[in-house]
Amino acid sequence: MSTTTPERSVADEPRFRDALRTLPGRVWIISLGILVNRVGNFLPVFIVLYLTGRGYSAGAAGFVLGMSGLGNVLGNTVGGYLTDRIGRRWTIVLSAVTTSGLTAIVPSLGPFPITVAVVGLIGVTSQIYRPAAAAVLLDSVTTNQQRLAAFGVFRAAMNIGAALGGVIGGVLASTSYVELFLSNAAACLLFGVVVAVLLRDAPQPRSDQNDADTHASQAVGYRQALADRTLVRFLLMTVVAEFVYIQSTVGLPLHVSDVGLSARDFGLLIGLNGLLVLVLELPTTAAVARYRPEHVLAVGNLLVGVGLALTGFMTHMVLLSATVLMWTLGEMMSSSVAYAYLGSLTPPRMVGRYQGLHGTAYTIGTGTGPLIGGAVYAIGPWALWTLVGAAGLLSAQLCLPRRRSTPGADEPDS
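Since this is a predicted model, take the numbers as computed values, not measurements. (Residues numbered from 1 in each chain as written. Predicted model: local features only at pLDDT ≥ 70, side-chain atom pairs only at ≥ 80, totals over all residues. Heavy atoms only, no water.)

Visitor: Explain the packing of aromatic side chains residue by residue, including any values.
Guide: Under the definition given, this model contains eight aromatic pairs. Both rings, one in Tyr-129 and one in Phe-191, keep their centres 5.4 Å apart while their planes meet at 90°; by these two values the pair is edge-to-face. Taken together, the residues span a long stretch of sequence, with Tyr-129 in helix α7 (residues 129–140) and Phe-191 in helix α9 (residues 177–198) at a distance of 62 residues. Judged on exposure class, the residue Tyr-129 and its partner Phe-191 are both buried. Note on Tyr-245 and Trp-327: the rings are 5.8 Å apart at their centroids and 75° apart in plane angle, and the pair reads as edge-to-face. Of this pair, Tyr-245 sits in helix α12 (residues 229–245) while Trp-327 is found in helix α16 (residues 317–345), placing the two residues 82 residues apart along the sequence. Trp-327 gets classed as buried once you look at its relative accessible area, which sits at 1%. Ring-pair connections join several aromatic residues into one group, and the members of that group are Tyr-50, Tyr-177 and Phe-181. (Phe/Tyr/Trp six-rings, centres within 6.5 Å; stacked < 30°, edge-to-face > 60°. Helix = DSSP H or I, 4+ residues; strand = E, 2+ residues; numbered from the N terminus. Buried < 20%, exposed > 50% of the residue type's maximum accessible area, 1.4 Å probe, protein only.)

This is how it looks when you write it as structure tokens:
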């Protein structure tokens, strides 16, 4: 069911640099909005410290964070539906305004069950915007190079916002958690205002079908999307790849501690990853822009898997830094390409649902990764690093096109 069109030749495609310069204003508006939102996205990072500081146990705080993670899964699904039903702009505004209001009341919450419910609901509302934001980018561009450029800019805004947010959040948390959460609420509200005032939904393609056929098509919804075997393969790849990548926050710190290095050393390794992504991701995306996306994704996932698997063999900072370089290169190669590739698979009237399913797969991978990774590491570090290497190989294999059983079997729909 994927609606990829025959690929243009390399000569027909504009250069990545030219595509970057000619991106429409809507791409920059949504990227500005996400930058503001990410700078103030403090709650997921500091909620555990806030709760333990109020006297709750680490287990209780972890339970609250887990409920937020479950909410993230539901939020992507709801966001995908709303994106296709009420439009990109109002889905983002709804997400931003409701998240702002709920976050503002977190410091005043009393009983633990209410805290669990509100933080879980924030997990839902804070993710509703994601499919809509991706849909805005896809609505705004027409070529593969433009898709890559748009998602490259969007990712750069997210990374810059996250880096600034970590620093600002640390300062606010050391002063007042009330100020921290109110600042988070203000950033969400400003995101909504930016989108409401500056962004307009692009005209959607008209269907030649009659109204009855159109309503029948819309009624299928996610069931129709999941009938697309290419999409399902991509979603499975996403779950596996995110399980592998999230071990940089699970297996890596455990290994660093086991070999006698300090928390400061782990911070330096993660800082190296963040610095490389901030400086080099956009140039890396430009460098791989003219290659077939399936192959770029496969190589990127392979580098992440192999790079992280090699962690278990390294005991010194220099060697561990080399593994960080390897899996960070894989991350930079595959991140924007994955979004752009998904865009090439998406039917015009189902952008929200396809993006919602992608967000759900992403959240499942990052949510289950710490649980599985920690449990496997407890069996033995060798078991985790073996699993990571095997999962990296699987995620790379899932990126490659299926073998055609008959000529033209997998040709895109016209």
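Visitor: Kindly report on α9, identifying the contributing residues and their values.
Guide: In this model, α9 (22 residues) spans 31 Å end to end at C-alpha, consistent with the 32 Å of a helix rising 1.5 Å per residue. Looking only at α9, the buried set comprises Leu-180, Phe-181, Asn-184, Ala-185, Ala-187, Cys-188, Phe-191, Gly-192, Val-194 and Val-195. For α9, the elements touching its buried residues are α2 (25–39), α3 (43–53), α5 (88–104), α7 and α8 (144–175). By the N-cap criterion, in which a side-chain oxygen at the helix start approaches the backbone nitrogen of a residue two or three places on, α9 is capped by Ser-176, the distance to Val-178 being 3.2 Å. (Expected span 1.5 Å × (residues − 1). Contact = heavy atoms within 4.5 Å. Polar contact = N/O pair within 3.5 Å; in protein donor to acceptor, adjacent residues only side chain to side chain.)

Visitor: Would you mind going over the nonpolar core in detail, with residue names and values included?
Guide: Nonpolar side chains tend toward joint burial in soluble globular proteins. Within the largest apolar cluster, 79 residues are counted, with the highest numbers of intra-cluster contacts made by Ile-30, Ile-92 and Phe-234. Not counting the four nearest positions on each side in its chain, Phe-234 is found in contact with Leu-297, Ala-338, Tyr-341, Leu-342 and His-358. Core analysis: the next-biggest nonpolar cluster, separate from the first, contains 19 residues, Val-118, Val-119, Ala-173 and Phe-181 among them. (Core = buried A, V, L, I, M, F, W, Y, C linked by side-chain atoms within 4.5 Å.)

Visitor: Mind laying out the environment of Trp-90, listing which residues take part and the relevant values?
Guide: Structurally, Trp-90 is set in helix α5. Look at Trp-90 and you get partly exposed, because its relative accessible area is 43%.

Visitor: Break down the packing of α5 against helix α6 (residues 112–125) for me, citing the residues and quoting the values.
Guide: The interhelical angle for the contact between α5 and α6, taken along N-to-C directions, is 160°, at an axis separation of 9 Å. In terms of orientation, α5 lies roughly antiparallel with respect to α6. In the packing of α5 onto α6, the handedness of the crossing is left-handed. Packed against α5, whose contacting residues are Ser-95, Thr-98, Thr-99, Leu-102 and Thr-103, the element α6 presents Val-118, Leu-121, Ile-122 and Thr-125 at the interface. In the contact of α5 with α6, the residues fall into four nonpolar, five polar and no charged. (Axes fitted to C-alpha atoms, helices over the stretch in contact; angles between N-to-C directions. Parallel < 35°, antiparallel > 145°, perpendicular 65-115°, else oblique. Left-handed = near helix turned anticlockwise from the far one by under 90°. Nonpolar A, V, L, I, M, F, W, Y, C, P; charged D, E, K, R; others polar.)

Visitor: How would you summarise the environment of Thr-230 if you had to cite specific residues and measurements?
Guide: With respect to the element layout, Thr-230 can be found in helix α12. You can call Thr-230 partly exposed: its relative accessible area is 27%. For the pair Thr-230 and Cys-399, spaced 169 residues apart in the sequence, the C-alpha separation amounts to 9.9 Å.

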